[in-house]
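Remarks on the overall topology
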Amino acid sequence: MTSKLSIPHSITQSPVAWAAGPKSSRLFQEEQEHIAPGLQSIALFSKIAIDHGCGAMLTDVDGREYIDFIAGIGVASLGHAHPRYVQALQEQVAKISVGSFTSEARLSWLKLLHSVTPGNLKRTQLYSSGAEAVESAIRLAKSHTGHFEVIGFWGGFHGKTGGVLGLLGDEFKKDLGPLMPGLYLAPYPNPYRCPLGTKQAHDCASHCLDFLRQLIRRSTTGRLAAIIAEPIQGTAGNVIPSPGFLKGLVQMAHEHGALFICDEMITGFGRTGKMFGCQHEEIVPDILTIGKGMACGFPVSGVITTSEIAQAKPWALPSGSSSSYGGNPLAAAACYAALQTLVEERLVEYSQELGTWMLGRLKEMQHRIPCIGDVRGRGLLMGVELVQDRETREPLPKNITRSLFEECLKRGLLSMCYSGPIRINPPLTITKSQAEEGLGKLEEALKAVSRA
Ligand SMILES: Cc1ncc(COP(=O)(O)O)c(C=O)c1O
């Protein structure tokens, strides 16, 4: 493969022939009269109404089938309607679903969870959404350190609520100010697109760490409560940071009397081929935030920390770290069923094996398709950069990626390729033949939008 391959005129917007089926279209249009704008792009762009799912397959109300390369953005870890999960929720909802009292399901889950968490991370509190958990993690870091400043990263995503909006490393927050004071952003070492323009990928991490050191010195008041980072940036395009970066963050946080929060909302629970994404770099954060795949669709999230940090007040006072729905019996049953299944069906190992195989296939595809600039991944979390020119690395324009999305839909593949890098994160239960078929559809769709 030559990196000099230039394809300035070969990209074309295909005529596109995608349209949702008649039942989907009717439901979608009718719902649009009631639902507020701003739904996830995937739902708005596809205009499909899903009737049911089974494993890694989704079927819409017109009977059209799709291979699911999205899994609700890393949520459906066990796939759709896994029998063990369905049974556990049915049984629990018939018994009790509300309240913060101790439940057998919650205790069983916590014990199992703490048998797989790294280091001394053995204290967990539960919430409903990712942003809520991250906000709680920040409250905990403030409680523990007595400090109040927090640093996040360019390209980072931690939710959309007020306390974390300022940690979003892109333009999403435009026009939504003023942001919470005391939040700062530093560059994240994307080896393919180093934000500091470093040409050698291995230098990117050290340059970003140098920048961070300067930022702390020159921009903060020195009262740093936490540094927060995703071990792989999901929203930015499943970006794996250059080696050494996460270790450097832990060290720098501790040098300043701060905690390191690892936001594992997407990367947790086997998604990257290890139970947690931080384990690839053999670091143990002070606080881990979890959600999404941990309960396979039931809205539950959490904060895991050490027994010592968890004692920090006011976070640790009665009702200090709680919420209305967090860890209720139904949420706990969902968490327990999901983790038990993950462990017993060896899905973490499977994620590693199948992910390696899929990455290999994507790299082969890169030889055949000139607009694939970069392929990366860990486990079943992969990213594909689409470029106009491999030399300049200029991304494909949005109208082309929208066409690509529609070409995928037309072929029965749901894939996050409508803007920026393609994000591939199927259910951890996807079969090898479904994965192969899905990649075949993706290649056909890529060929349809680029005269490769
Ligand atoms: C790393 C990370 N943190 C936090 C969140 C926010 O989660 P939620 O949408 O449940 O608030 C997300 C959502 O995509 C995420 O990817």
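How each quantity is defined
- Residues numbered from 1 in each chain as written.
- Predicted model: local features only at pLDDT ≥ 70, side-chain atom pairs only at ≥ 80, totals over all residues.
- Helix = DSSP H or I, 4+ residues; strand = E, 2+ residues; numbered from the N terminus.
- Rg over C-alpha atoms; globule rule 2.2 N^0.38 Å.
- Buried ≥ 20, exposed ≤ 12 C-beta atoms within 10 Å, placed from the backbone.
- Contact = placed C-beta atoms within 7 Å.
- Near = placed C-beta within 6 Å.
- Nonpolar A, V, L, I, M, F, W, Y, C, P; charged D, E, K, R; others polar.
- Pairing = 2+ DSSP bridges.
- Domains from an automatic or database assignment.
- Expected span 1.5 Å × (residues − 1).
- Arc of directions from axis to C-beta.
- Axes fitted to C-alpha atoms, helices over the stretch in contact; angles between N-to-C directions.
- Parallel < 35°, antiparallel > 145°, perpendicular 65-115°, else oblique.
- Left-handed = near helix turned anticlockwise from the far one by under 90°.

Helix and strand counts for the protein come out as 14 helices and 14 strands. Rg of the C-alpha trace for the protein: 22 Å, near the compact-globule value of 22 Å for 452 residues, within the 12% margin. Taking the principal axes of its C-alpha atoms as reference, the protein extends roughly 60 × 55 × 45 Å. In the protein, buried positions account for 52% of the 452 residues. A sequence separation of at least 24 residues applies to 75% of the contacts in the protein between residues at least 6 apart.

What follows deals with the site of the ligand. Close contacts around the ligand come from 15 residues, with Ser129, Gly130, Ala131, Gly159 and Met265 the closest. With three residues, helix H6 (residues 130–145) is the single largest residue contributor to the shell around the ligand. Across the shell around the ligand, the residue classes break down as six nonpolar, seven polar and two charged.

What follows concerns the pairing of strand S4 (residues 123–127). Burial analysis of S4 places four of its five residues in the buried class, the great majority of the element. Sheet topology places S4 next to strand S10 (residues 301–305); five bridges connect them, and they run antiparallel. Within the sheet, the bridge partner assigned to Thr124 lies in S10 and is Ile304.

Attention now moves to the domain arrangement of the protein. Looking at the assigned domains, one finds that the protein contains domain 1 (22–81 + 347–449) and domain 2 (99–327). Here the C-alpha centre of domain 2 lies 26 Å away from the C-alpha centre of domain 1. Contact with domain 1, which involves 27 residues of that partner, is made by 22 residues of domain 2. At the level of secondary structure, the elements contributing two or more residues to the side of domain 1 that touches domain 2 comprise helix H3 (71–74), helix H12 (347–368), strand S11 (372–378) and strand S12 (381–386). At five residues, H12 tops the list of elements feeding residues into the side of domain 1 that touches domain 2. Split into classes, the residues belonging to the side of domain 1 that touches domain 2 amount to 10 nonpolar, 11 polar and six charged.

Quick look at helix H4 (residues 83–95) now. Between its first and last C-alpha, H4 extends 19 Å over 13 residues, near the 18 Å set by a 1.5 Å rise per residue. Taken together, the buried positions of H4 are occupied by Tyr85, Ala88 and Gln92. In an axial view of H4, the angular spread of the buried residues amounts to 70°, which keeps them on one side of the axis. Across H4 from its buried face, at more than 90 degrees, point the exposed residues Pro83, Gln87, Gln90, Glu91, Val93 and Ala94.

What follows concerns the sheet that holds strand S9 (residues 287–290). Within the open sheet, the seven strands sit side by side as S4-S10-S9-S8-S7-S5-S6. Their pairing is mixed. Each edge of the open sheet is held by one strand with a lone partner, namely S4 and strand S6 (183–186). The mean angle between the axes of side-by-side strands here comes to 20°, regardless of whether they run parallel or antiparallel. In terms of strand pairing, strand S5 (residues 149–153) meets S6 through four bridges, oriented parallel. The residue bridging Ile151 from the neighbouring strand is Tyr184, located in S6. The sheet strands contacting H6 are S4, S5, strand S7 (224–229), strand S8 (259–263), S9 and S10, and the helix crosses S10 at an angle near 25°.

Okay, unusual backbone geometry next. A cis geometry characterises the amide bond from Gly177 onward to Pro178, with omega recorded as 0°. Mapped onto the secondary structure, Pro178 falls in the loop between helix H7 (162–165) and S6. Cis geometry marks the peptide bond from Lys313 to Pro314, where omega comes out at 15°. The topology assignment puts Pro314 in the loop between helix H10 (307–310) and helix H11 (329–344). With phi around 55°, Glu282 is a residue other than glycine that occupies positive phi space. For Glu282, the position within the fold is in the loop between S8 and S9.

Here we take up the sheet that holds S11. What the three strands build is an open sheet, ordered S11-S12-S14; its pairing is antiparallel. Here the strands that pair on one side only, and so sit at the sheet edges, are S11 and strand S14 (422–424). Direction aside, the axes of adjacent strands within the sheet are offset by 15° on average. Where S12 lies against S14, three bridges are found, and the strand directions are antiparallel. Counted as the bridge partner of Val384 is Ile422 from S14.

In contact at an axis separation of 9 Å, H4 and H11 are set at 155° when each is read in the N-to-C sense. On the basis of the axis angle, H4 is roughly antiparallel to H11. Two packed elements cross with a definite hand, and for H4 against H11 that hand is right-handed. Note on element contacts: H11 touches H4 through Pro329, Leu330, Ala333, Ala334, Tyr336, Ala337, Ala338 and Thr341, opposite Arg84, Tyr85, Ala88, Leu89, Gln92 and Val93. Residue composition of the contact of H4 with H11, by class: 11 nonpolar, two polar and one charged.

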